[in-house]
Amino acid sequence: ECARLREEALCALQAALEAPRDDSFGENLRMALEAASDARNLKDSAEARAAAEKALDEWQRLEQQRGDAKMALALALRIGEVEALQLALDEAQQAGLISGRGESQLVQEAQTMLQEAHQREQQNAQAAEDLQRAIESRDLGSLECAVALCLERHLPLHGADALLEKLRGEEIRREEATRKLQQAMSTEDLGAIRSASSAALDAGVHSSLVEEAEACAEALQVAMKRREKASVELHLAIHSKDVQRLQAAITQARNVGVDGDTIDEANAELEEMVLAQRRCEEARGSLAAAAKARTLAPLRAALEDSEGVLLRSSMEVQEALRVLAELEEEARLVEEENARQAVERELRLAVEQQDWDAIVASRDQAKALGFQEDDSLLRLADSALDVLRDAHEIGEAERIVAKMTAKIENLTGRTKELVGPTHKKERNAIGKLITQCRNNEDYLSAARFLKNPEAERKRRRERARELEKKMSEERAARQIRQQEASAELRVAIGKRDNDAVRALLVEDILESADTEVAEAFLVEQEAKRVAVEKDAALCEFSFAGMDRRAFFQASIAMVELLTDHYSMQEGSDFKLKVVKASNSVLVGFRSAEMASNVRTTAVSIAASLDPARPAAVLAAAEAREPGYFSEEVEDALDGFRQDVETMLRKTPQPDAKAALQRLSSVGSHASSASGKGLSRSTLGQQGRATTDSSSYSDSRRDDEVMAAPQQLRHASTVGGACSSTSAAWSAYPDRGSGSGLSSSGGGAGGAD
């Protein structure tokens, strides 16, 4: 029985060793080994046990590997990464967890997750590829779908979101440009259509619509030219005063669609022309009748009535004017003869009455009427004056002395009344006034004449000769100065020196022809200045000579530079326009100050950048200010000004204001240095205008000497300096008061 049991145990061990190596293989083989422990003495027992133990060891090792593989699978399932799943499945394959007969649930889950991960990777790759194609094609619909899919799958966008926003903005601008273009096409405004067409072309509107708009604009232009020609002919016909021509022009204007108001005005003008013809006939009749009658008053009335009716160059008017001139000459001769007779009567009466003033007045009137110096009447007046001269001069001198003495006594009496320190300033002022009265040239001359008439007469004659000599010298010096000023004017105009030209005009030394040239130059310069101020906020960056491929990046580079280095934002702080005809980029800013600062710093900033950066291309640009724009840019200014005005309605960026303040602080140093140089030049020009001032003697009327005390503080302005200073201030309000002008009362320069 024991042998039989041992034989059965050995058979069971052999059966367990040959059984499938599933999960129960190790346990069954271990139990069979324990049961066959008593069968050691049987034949083949040792070999069977050794084989069983070896198989058990191998099974335990594989079981350990399967356990590790299961743990790796579980960990990979939790992580969910493709690489971890693939490694775990490979390890399970090596551990025998994957066989052709079926896999465990853990393996199936891992395989399912790996397949799903591969599908996701393929889908992600497809989504990324679709996104790249959409970015390259810049198709808005495709890009929106691709971006949405990438966002859903949490994939990186690589700047596609910014491009999407940009394309949406471009699409909005295209739609807006399309709407405006269609709206403009519904009108007959050629300028609006051209502007909208240009904007639509820049916005990328479909070419067919732009071509349709251009065709519409061409048709409108043809119609406008026809209307313009008809309007011009209508205008010429109106001014030709030809009734038949005007009637034909009205018919043509009505056929081509000239506005009704213009045609109504032409019809009204036609009615007036018919009425004017009737008035012309009546005026010709009146002129002929008055000229035939040779009556002065009716002829003047007829000529007045003919004004605005007949042309002054017409034969009837010229004949009437000839007759009127003859009649007026006859009347003038009669009037002059009557005046000569009246002056002769008055002069003889004044001689009889020995009235000095009346004789002088009548003699002057006689000279004005053409009496010669050797005429008996004037000789009679001179003889009477010689007889009365001594008594008149003595009486005049006594009158002047008496009047001035009375004024001095009056002022002296007033001084005595002003007692105490409170009236000190008024006493001093009156004292100065008394001194002026005592030093009055007329008073001193009269006093000397009363003491020694002959000596004073001789002194007066000598002074008259000195004054005549001085005036002659001044005339010669003025002629020399006029020649110098003419040469200075040509140099100043060549240098565009407005201040020098104004200084010559203020000096009043130029001849009439040179004065007209100087004034015309200043008018032209003022017109240029107004034009420059109008576009002071604009700046042209010229890339002349640059190839088109490189120039294509110019606008992008400009946007980058203004955005990165000036903290500006396109559309609210600046506006760009590419002028391809001149290889230029036109930029409009919010203010002239901002434009000036960018104009003076942009090229140098671009030159300091890395050449690989797009903005570095601006180093090759030439920054131009208004007045020096290229012709192509000048042609594009009208529409661009409207864009800039639209931009100005938006709120500026705070960062741009701060950047502008920093640039202003830098620009102020440069402008102050240049301003000093300008001041020295201006002072030099002012200094040239101080050499030809003429002095004069201050002869005030006697009643001006008796000024009120509160006005006495202005007595120090007597002399030439004050007058020249005020003249300089009126001519140059931004200069100092040392321009010493050559004018009546012009004193020395530099009298502040």
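Each residue is numbered by its place in its chain's sequence as written, counting from 1. The predicted nature of this model means local features are confined to residues of pLDDT at least 70 and side-chain atom pairs, given and counted, to a pLDDT of 80 or more, with totals for whole chains, interfaces and linings taken over all residues. The basis for every side-chain value is the complete set of heavy atoms in the structure, and neither hydrogens nor water enter the calculation.

Chemist: Tell me about a negative patch on the surface, and name the residues and values.
Modeler: Side chains of Asp 259, Asp 261, Asp 264 and Glu 265 sit close together on the surface and give a patch of like negative charge. Here a helix means four or more residues in a row that DSSP labels H or I, a strand means two or more in a row labelled E, and each is numbered from the N terminus. By secondary structure assignment, the location of Glu 265 is in helix H11 (residues 260-293). Whether a residue is buried, partly exposed or exposed follows from its accessible area with a 1.4 Å probe, protein chains only, as a fraction of its type maximum: under 20%, in between, or over 50%, in that order. Glu 265 gets classed as exposed once you look at its relative accessible area, which sits at 56%. Within this analysis, patches are made of residues with over 30% relative accessible area and no salt bridge. Like charges are joined at 9 Å or less; nonpolar side chains (Val, Leu, Ile, Met, Phe, Trp, Tyr) at 5 Å or less. Residue exposure ignores everything except the shown protein chains as possible cover, and the areas themselves are Shrake-Rupley values with a 1.4 Å probe. The term salt bridge refers to a side-chain nitrogen of Lys or Arg lying within 4 Å of a carboxyl oxygen of Asp or Glu. We score Asp and Glu as negative and Lys and Arg as positive, and we do not count His or the chain ends. By convention, the point assigned to a charge is CZ for Arg, NZ for Lys, CD for Glu and CG for Asp.

Chemist: Provide a residue-level description of the environment of Lys 70, including the pertinent values.
Modeler: Looking at the element boundaries, Lys 70 is found in helix H3 (residues 45-79). Each C-alpha atom of the pair Lys 70 and Ala 92 lies 7.1 Å from the other, and the pair is 22 residues apart in sequence.

Chemist: How would you sum up the nonpolar core? Please name residues and give values.
Modeler: Soluble globular proteins: nonpolar side chains tend toward being buried together. Counting residues in hydrophobic clusters, the biggest one holds 26 residues, and the most contacted among them are Phe 541, Phe 543, Leu 562, Met 568, Val 587, Phe 589 and Val 598. Among the elements of the structure, strand S1 (538-542), helix H22 (554-566), strand S2 (574-579), strand S3 (584-589) and helix H23 (592-607) are those that each provide at least two residues to this core. Of all the elements, H22 adds the most residues to this core, at six residues. Excluding its chain neighbours within four sequence positions, the residues that come into contact with Phe 543 are Phe 551, Ala 554, Asn 583, Val 585, Val 617, Leu 618 and Ala 621. Among buried residues, those of type Ala, Val, Leu, Ile, Met, Phe, Trp, Tyr and Cys that are joined through side-chain atoms within 4.5 Å constitute a nonpolar core. What makes two residues a contact is simply this: any of their non-hydrogen atoms within 4.5 Å.

Chemist: Account for the packing of helix H15 (residues 376-417) against helix H16 (residues 424-438), naming residues and giving values.
Modeler: Two elements in contact, H15 and H16, have axes separated by 10 Å at closest approach and are oriented at 165°. With respect to H16, the axis of H15 lies roughly antiparallel. The hand of the H15/H16 crossing is left-handed. Within the contact between the two elements, H15 uses Met 404, Ile 408, Leu 411, Thr 412, Arg 414 and Thr 415 and H16 uses Arg 427, Ile 430, Leu 433, Ile 434, Cys 437 and Arg 438. The convention used is that axes are lines fitted to C-alpha atoms, helices contributing only their stretch in contact, and that angles between N-to-C directions extend from 0 to 180 degrees. Orientation categories follow fixed angle ranges, with anything under 35 degrees roughly parallel, anything over 145 roughly antiparallel, 65 to 115 roughly perpendicular, and all other angles oblique. Handedness of a helix crossing follows the sense of rotation of the near helix relative to the far helix, less than a right angle counterclockwise being left-handed and clockwise being right-handed.

Chemist: Describe helix H20 (residues 512-534), and please don't skip the residues or the numbers.
Modeler: Given a rise of 1.5 Å per residue, 23 residues ought to cover 33 Å, and the 33 Å separating the end C-alpha atoms of H20 matches this to within 8%. Those residues of H20 that fall on the buried side of the exposure criterion are Asp 514, Ala 518, Phe 521, Leu 522 and Gln 525. Against the buried residues of H20 lie helix H18 (453-494) and helix H19 (498-507). What a helix is expected to span follows from its residue count: subtract one and scale by 1.5 Å.

Chemist: Break down the side chain of Ser 584 for me, citing the residues and quoting the values.
Modeler: For Ser 584, the location among the structural elements is in strand S3. In protein, a polar contact requires one atom able to donate a hydrogen and another able to accept it; more generally it is a pair of N or O atoms within 3.5 Å, and residues adjacent in sequence count only if both atoms are side-chain atoms. In this structure the side chain of Ser 584 is engaged in a polar contact, spanning 2.7 Å, whose partner is the side chain of Glu 540. There is a polar contact of 3.1 Å between the side chain of Ser 584 and the side chain of Ser 582. With near-sequence residues (within four places) excluded, Ser 584 lies in contact with Glu 540, Phe 541, Ser 542, Phe 551, Lys 577, Val 578, Val 579, Ser 630 and Val 633.

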